[in-house]
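Below, each chain spelled out in residue letters.
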Amino acid sequence: MSFALTNLGTVIGFDNWDGLVPCVFSSPRSGRSTSPVTVEYDSGATITVAPASLANALGIGLADGQQIGLQGVGGSLRAYVHFLDLEIGGRLYQGVPVAIASDESVPFLLGRLAFWDQASISVDNASRTLTVAQIAPGQQAPPAPVAAAAPNAGLVLGILLA
């Protein structure tokens, strides 16, 4: 796995495409941060998800967040939403809602909600790279291509751009 920074964004290259991204989670409330954690980039996940141990690592009360139910391929579970800062490739993404599960049964997943408002993400399968480019504050994310909104868009296009 190799990592390189460019002026256009953070380019994360993979020898074997696995979608894993190093990330540091920080809590503005407690002032604490984690060591880098490997999160899985999941373009199909609406919200960023983390196991219960994240709350302890950040010194925040798990149940202090808004309780929600999560439904996924593996079933359903209870989680609590906390607004955290994420550092990816040396860039800070603030106020990202993270659903911290009530147990350790979920992996770290990087979802779309609020994160995609602050970053432009592209996947290049030919070069095996995932590019995360931070959008300047006050700017909007570029609109999604029309094909991504088409109901019969290809499965891969729907997953990558949904």
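What counts and what doesn't
Residues numbered from 1 in each chain as written. Predicted model: local features only at pLDDT ≥ 70, side-chain atom pairs only at ≥ 80, totals over all residues. Heavy atoms only, no water. Helix = DSSP H or I, 4+ residues; strand = E, 2+ residues; numbered from the N terminus. Contact = heavy atoms within 4.5 Å. Salt bridge = Lys/Arg side-chain N within 4 Å of Asp/Glu carboxyl O. Buried < 20%, exposed > 50% of the residue type's maximum accessible area, 1.4 Å probe, protein only. Polar contact = N/O pair within 3.5 Å; in protein donor to acceptor, adjacent residues only side chain to side chain.

Novice: Mind showing me how you'd approach the environment of Leu-86 here?
Specialist: As for its position among the elements, Leu-86 is in strand β7 (residues 75–88). When near neighbours in sequence (up to four residues on either side) are disregarded, Leu-86 contacts Cys-23, Val-24, Phe-25, Arg-91, Leu-92, Tyr-93, Val-96, Val-98 and Leu-110.

Novice: Explain the pattern of salt bridges here, please?
Specialist: Between side chains of opposite charge, pairing is possible as soon as their charged atoms come close. Scanning the entire structure with this criterion turns up one salt bridge. One salt bridge connects Arg-29 with Asp-64, and the closest N-O pair in it is separated by 3.8 Å. Residue Arg-29 is found in the loop between β3 (20–26) and β4 (37–41), and its partner Asp-64 is found in the loop between α1 (53–58) and β6 (66–72); the two are separated by 35 residues along the sequence. Each member of the pair, Arg-29 as well as Asp-64, carries the same accessibility label: exposed.

Novice: Where do I start with the side chain of Thr-34 in this structure?
Specialist: Mapped onto the secondary structure, Thr-34 falls in the loop between β3 and β4. With near-sequence residues (within four places) excluded, Thr-34 lies in contact with Cys-23, Val-24, Phe-25, Leu-54, Ala-57 and Leu-58.

Novice: Help me out: how do you make sense of the side chain of Ser-26 in this one?
Specialist: Relative to the helices and strands, Ser-26 is located in strand β3. Under the relative-accessibility criterion, Ser-26 is labelled buried at 16%. At a separation of 2.7 Å, a polar atom in the side chain of Ser-26 contacts the side chain of Ser-33. Once residues lying within four places of it in the same chain are set aside, the contact partners of Ser-26 are Arg-32, Ser-33, Leu-58, Leu-84 and Asp-85.

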